[in-house]
Amino acid sequence: MSDNDLSRRKDDHLDIVLNASACPSGIGTGFDALQFEHCALPELDLDAIDLSCGLVGRALRAPLLISSMTGGAERSTAINRHLAEAAQALGIAMGVGSQRVGLRSGNDQGLTRELRRLAPDIALLGNIGAAQLLEHDGLDLARRSVDTLQADALIIHLNPLQEAVQAEGDRNWCGVLEAIRRTVETVGVPVVVKEVGAGISAQVALTLAGVGVQVIDIAGLGGTSWAAVEAARAVRPQDRRVAEAFAGWGIPTATSLQNVRRALPDMPLIASGGIRNGVDAAKAICLGADVIGQAAGVLREATLSTSAVIEHFDIVIRQLRIACFCTGSTNFAALRRARLLSTAPLLPLRP
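Source: prediction; values computed, not measured.

**A look at the nonpolar core**
Within soluble globular proteins, side chains that are nonpolar tend to cluster in buried spots.
Inference 1: By size, the foremost hydrophobic cluster in this structure holds 85 residues, and its most contacted members are Met 94, Leu 115, Ile 156, Ile 180, Ile 216 and Ile 292.
Inference 2: The element that contributes the greatest number of residues to this core is helix H14 (residues 306–325), accounting for seven residues.
Inference 3: When neighbours within four sequence positions are excluded, Met 94 is seen to be in contact with Leu 65, Ile 66, Asn 80, Leu 83, Ala 84, Ala 87, Leu 115, Ile 122, Ala 123, Leu 124 and Leu 125.
Inference 4: One finds Leu 55, Val 56, Leu 65 and Ile 155 within the second-largest nonpolar core, a separate group that totals 13 residues.

Following this line, the structure appears as structure tokens:
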């Protein structure tokens, strides 16, 4: 596939996600089935609640990651600039979209050391697809993904479902685990492995930890469905029908997060996949997340301006702080001890 075709595909992806046709209705993250037990007597100063944490050796003022969302379109340059400037202003982390197109063409989409200049103090994460690691220059792509940005870590994204339903997708995934192992051993920075919206099982998480992966982003079901995205951009009706059947495929974000945390109690975990606001973020932290990722939820603001992105995340941070306040939690260690209740209907009492 040519660089122009790859860029056009990425541009299609942005349009589809912006038009909200990639989040099928009725498919949930699992967070709506949970409700915090309210604390009516918090005995706390709301403004003194500590939201700070860390990721890949960098301090964060709030536990938020601007997740990977762009990677090949011309307009990505402005989007990435807005995101980097906002991340620097807020003291949160940023993961870029796939760098494959930029590294193999003269069109870098703003994924250069200019991002580091704009955001010198943030946790900045490069990004390459797992399937690309199998190519003859896969390790070189991984190293360049880091060096080009002066990144603090490298995201390797897993998207087997998207590749399988995409007419031009990478079908052969034999050897991906070994390629991840080699990358961990040679890239020189922490490696984060993330799904793109179908979740990570406990078994896969254990396998990744076994080859040295340092951070896992579970990226579960409930946000953008890349099967739905590929269905929307399919040219042939039969390709559309194949992809549509998988629009609801995956492990809900809350379920994936709980299962991976139980399997790996000490692994740094990022929770993403349909996290809409600070209340969802608080629930994810209570279930074991260390950092919360959001991508599609801020994409529209990212096309507008840096200030629009800052305003979006300011709201999320305020919501998260109030969730801590109303559970009596002074920090995230305390929030993990808050009670989450099921919102499932109660059974009638027996006479």
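**Observations regarding the side chain of His 82**
Inference 1: Note on placement: His 82 falls in helix H2 (residues 76–90).
Inference 2: Taking the relative accessible area as the measure of exposure, His 82 reaches 9% and is therefore buried.
Inference 3: A distance of 2.7 Å separates a polar atom in the side chain of His 82 from the backbone oxygen of Ala 302.
Inference 4: For His 82, the contacting residues outside a window of four places in its chain are Ala 302, Thr 303, Leu 304, Ser 305, Thr 306 and Val 309.

**Looking at empty space enclosed by the protein**
Inference 1: A full pass over the atoms with the stated rule returns two cavities of 30 Å³ or more.
Inference 2: The wall of the largest cavity is formed by 15 residues, among which Leu 161, Gly 197, Ala 198, Trp 226 and Ala 227 lie closest to the centre.
Inference 3: Listed by contribution, the elements that provide at least two residues to the lining of the largest cavity are helix H6 (160–165) and helix H9 (226–233).
Inference 4: Its residues placed into classes, the lining of the largest cavity shows nine nonpolar, five polar and one charged.
Inference 5: Of the pockets and cavities examined, the second largest cavity occupies roughly 40 Å³.
Inference 6: Looking at the second largest cavity, the residues that line it are Leu 64, Ile 275, Arg 276, Asn 277, Ile 292, Gln 294, Phe 313 and Val 316.
Inference 7: Contributing elements (two or more residues each) for the lining of the second largest cavity: strand E11 (291–294) and H14.

**Focus on the UniProt feature "binding site: Mg(2+)" (unreviewed entry) in the protein chain**
Inference 1: As annotated by UniProt and renumbered to match this structure, "binding site: Mg(2+)" (unreviewed entry) occupies Glu 163.
Inference 2: For Glu 163, a relative accessible area of 7% translates into the label buried.
Inference 3: Beyond its immediate stretch of four places on either side in the chain, Glu 163 contacts Gly 169, Asp 170, Arg 171 and Trp 173.

**Regarding the sheet that holds E11**
Inference 1: Reading around the circumference, E4-E5-E6-E7-E8-E9-E10-E11 is the order of the eight strands in this closed barrel, with parallel pairing throughout. On average, each strand axis in the sheet is tilted by 25° relative to the strand beside it, whichever way the strands run.
Inference 2: Where helix H5 (residues 138–149) meets the sheet, its contacts fall on strand E6 (124–129) and strand E7 (153–158), and the angle it forms with E6 comes to roughly 155°.

Quick notes on the rules
Residues numbered from 1 in each chain as written. Predicted model: local features only at pLDDT ≥ 70, side-chain atom pairs only at ≥ 80, totals over all residues. Heavy atoms only, no water. Core = buried A, V, L, I, M, F, W, Y, C linked by side-chain atoms within 4.5 Å. Buried < 20%, exposed > 50% of the residue type's maximum accessible area, 1.4 Å probe, protein only. Helix = DSSP H or I, 4+ residues; strand = E, 2+ residues; numbered from the N terminus. Contact = heavy atoms within 4.5 Å. Polar contact = N/O pair within 3.5 Å; in protein donor to acceptor, adjacent residues only side chain to side chain. 1 Å grid on protein atoms, 1.4 Å probe; cavity = no way out; pocket = protein on both sides within 12 Å on 5 of 7 lines; lining within 4 Å. Points joined across faces, edges and corners; volume = space filled by probe spheres on them. Nonpolar A, V, L, I, M, F, W, Y, C, P; charged D, E, K, R; others polar. UniProt positions renumbered as here; feature names shortened; annotations may be inferred. Pairing = 2+ DSSP bridges. Axes fitted to C-alpha atoms, helices over the stretch in contact; angles between N-to-C directions.

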